Amino acid sequence: MRSRARPHDDSTLFLVGGVGAACALAGFAFQRGGRRLQRCIGTASPRRVRAGRLAVLASLLLQAGAWAGGAAFLSERWMAAHELRTAAAAVLQMSLTAPLFTLDQRSYTALDVLLLPAMLAGVWIGASIVTRFLRTRLLAAAGADSAFPEAATVLLRYVLAFLGSLVILSEQGVDLRSFAILASVLGVGIGFGLQNIANNFVSGLLINLERPIRAGDYVAVGGLEGTVVRVGARSTQIRTNDNVAIIVPNSRFLESEVVNWSHGDPTSRLHVPITVAVGTDLSRARRVLLEAARGHAAVLREPRPQVHLRRLDGDGPELELLVWTSDPRLQQQIRSELHHRVAENLQRYGIEIASSQRDLAMAASTLERVLSAWMSGEALPAAPEKTALPEPPPELQPHEWNAADLAALAERMRGQGGVPIDDRRHLLSVYPRSFVGAEAVTWLVEHAGLTRREAVEVGRRMAELGLLGHVLGEHDFRDGYFFYRFAA
């Protein structure tokens, strides 16, 4: 038999200290390594967050393994500890292998009870890995529609998990015929108590198949408004503009009205109502509102902003500014910024907002000054002189521009900061002092406030007036890689 050191020997103390220090050092190294690996992985996406957590869990398991290995090494050096470990292992083995109950003439131990949930969890994890591989690799490489892989992988995951569970249960000796009674009980439960869960699950499958909403869409349902983060099997996660995650049952997206601004074409129109004072020049107010809309970077130039007169009543005319945006998530921010710009423009150009209380207060103040001057015998106060107010810029109506306006615009295009004019080459020909039609359209959009369609119409009118023309006289003005030249 191997000679074993006594606990009180100096060599044993040094050995215990050395092993403890080695275990502590290894545990510290594993802990630091796990944290550093988690920082390197980062938190840019949910997948990276899960990977970081797995790294920390792996470091904890390595630390526990280091201490367990050190304890096992020391137990080999002490007779009492070795005997205690052997006895504990025997008791644990007997506890795990002792029969607990008998089912269908087969005895089940505690080890079977512990292994069964672990194997079922392994089946679910394996099914998830297989379906994820099929979705990201095979179906993506085949160019399948995005609606099919999501629904197909969800169904395949549950089918694989169900079949794998049946195989494991049959291998464990469980009579599958006993599940007939369980299935009938579950059917009754689904019909009564679990109908909402079944409804949400089926709704999730339909949503993944039809794709009325998908991750990244900006939606509004039941008073909730936000961006869809994830469409799950039973519920959908929406993140509001306040960065609050809300879990919505899938059935609500099929049983109630859902507004999806991102479905198909994300372009949407915003309404900004303004009520001006009675007697306001509506044409002037219209130009003021259009100027506020045209100067905003998030407002699309095509379709053009519009101003509608909604109604006329005693409080004053109610105007409505209509603008278009391509990002529905910025609706509230754009509407707020437009309100600020409209308020500044109304004040700059001397247009008053309707307010009955303010009018009454101004009338009462004026009447009070007149009565005070009449009772004191003083001269009536003179009316304040009106200061000259600036005029808002005219509306951009290209079809109303005359020949002089078009000629001035052509001079701007051919002057400094205008359209790039250079010698153009095509095949073996050189066309001196010419410009590209698409570049001219872009310049008109950026410097004249036109849409591309309106810019093409303006270019054609210039060609009709002889201000510009195709280098070979073969085409009218077009938005493309065609060469044109200004008239001499």
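Scroll up to find the structure this text is about.
Residues numbered from 1 in each chain as written. Predicted model: local features only at pLDDT ≥ 70, side-chain atom pairs only at ≥ 80, totals over all residues. Heavy atoms only, no water.

Description of the packing of helix H12 (residues 403–414) against helix H14 (residues 452–464)
Stated precisely, the cut-off is as follows: Throughout, an axis means a line fitted to C-alpha atoms (over the contacting stretch in the case of helices), and angles, computed between N-to-C directions, take values from 0 to 180 degrees. Going along the chain from the N terminus, every DSSP run of H or I of four or more residues is numbered as a helix, and every run of E of two or more is numbered as a strand. Should an angle fall under 35 degrees it is taken as roughly parallel, and over 145 as roughly antiparallel, whereas 65 to 115 is taken as roughly perpendicular and any remaining angle as oblique. Two residues form a contact once any of their heavy atoms are found within 4.5 Å. Each residue is assigned to one of three groups, with Ala, Val, Leu, Ile, Met, Phe, Trp, Tyr, Cys and Pro labelled nonpolar, Asp, Glu, Lys and Arg labelled charged, and all others, Gly among them, labelled polar.
It is the contact of H12 with H14, at a shortest axis distance of 10 Å, that shows an interaxial angle of 105 degrees. One element, H12, and the other, H14, form an angle in the roughly perpendicular class. Contacts from Leu 406, Leu 409, Ala 410 and Met 413 in H12 reach Val 458, Arg 461 and Met 462 in H14. Grouping the constituent residues of the contact of H12 with H14 by class yields six nonpolar, no polar and one charged.

A look at the environment of Gly 469
For clarity, the cut-off: Each residue is placed in one exposure class: buried if its accessible area under a 1.4 Å probe, protein chains only, is under 20% of its type's maximum, exposed if it is over 50%, and partly exposed if it falls in between.
Here Gly 469 shows up in strand S13 (residues 468–470). Gly 469 sits in the partly exposed class, given a relative accessible area of 24%. Counting along the chain gives 16 residues from Gly 469 to Arg 485, while the straight-line C-alpha distance between them is 5.6 Å. When residues no more than four places from it in sequence are discounted, the contact partners of Gly 469 are Tyr 484 and Arg 485.

Topic: the sheet that holds strand S12 (residues 429–436)
Defined as follows: Whether two strands pair depends on DSSP finding at least two bridges between them.
Taken in spatial order, the four strands of this open sheet run S11-S12-S14-S13, and their pairing is antiparallel. Single-partner strands in this sheet number two, and they are strand S11 (422–426) and S13. Direction aside, neighbouring strands of the sheet carry axes that sit 50 degrees apart on average. Across four bridges, the pairing between S11 and S12 is antiparallel. The partner of Arg 425 across the bridge, within S12, is Val 430. The sheet contacts of helix H13 (residues 437–447) involve S11, S12 and strand S14 (483–486), and relative to S12 the element is tilted by about 15 degrees.

A closer look at the sheet that holds strand S9 (residues 306–311)
Across a sheet, strands are paired by hydrogen bonds formed along the backbone, either parallel or antiparallel in direction. The strand order S8-S10-S9 describes an open sheet built from three strands, whose pairing is antiparallel. Because the sheet does not close on itself, it has two edges, and the strands there are strand S8 (268–275) and S9. Averaged over neighbouring strand pairs, the angle between their axes works out to 30 degrees when direction is ignored. Contacts from helix H9 (residues 282–294) reach S8, S9 and strand S10 (318–325), with the element oriented near 25 degrees to S10. Across the face of the sheet, helix H10 (residues 331–348) comes into contact with S8 and S10 while running at roughly 35 degrees to S8.

Re the packing of aromatic side chains
The cut-off we apply is this: Two rings belonging to Phe, Tyr or Trp (six-membered ring only in the last case) form a pair when the distance between their centres is within 6.5 Å. Interplanar angles under 30 degrees mark stacking, angles over 60 mark edge-to-face geometry, and anything in between is tilted. We count a charge as sitting over a ring when the NZ of a lysine or the CZ of an arginine lies within 6 Å of the ring centre and within 35 degrees of the ring normal.
On inspection of all chains with the given rule, the structure shows seven aromatic pairs. Considering the side-chain rings of Phe 477 and Tyr 484, the 5.1 Å spacing of their centres and the 45 degrees angle between planes classify their relative orientation as tilted. By the burial criterion, Phe 477 is buried, and Tyr 484 matches it. Ring pairing ties together the aromatic residues Phe 435, Phe 477, Tyr 484 and Phe 486, which thus form one cluster. Geometry around Phe 482 places Arg 478 over its ring, the cationic atom sitting 5.5 Å from the centre.

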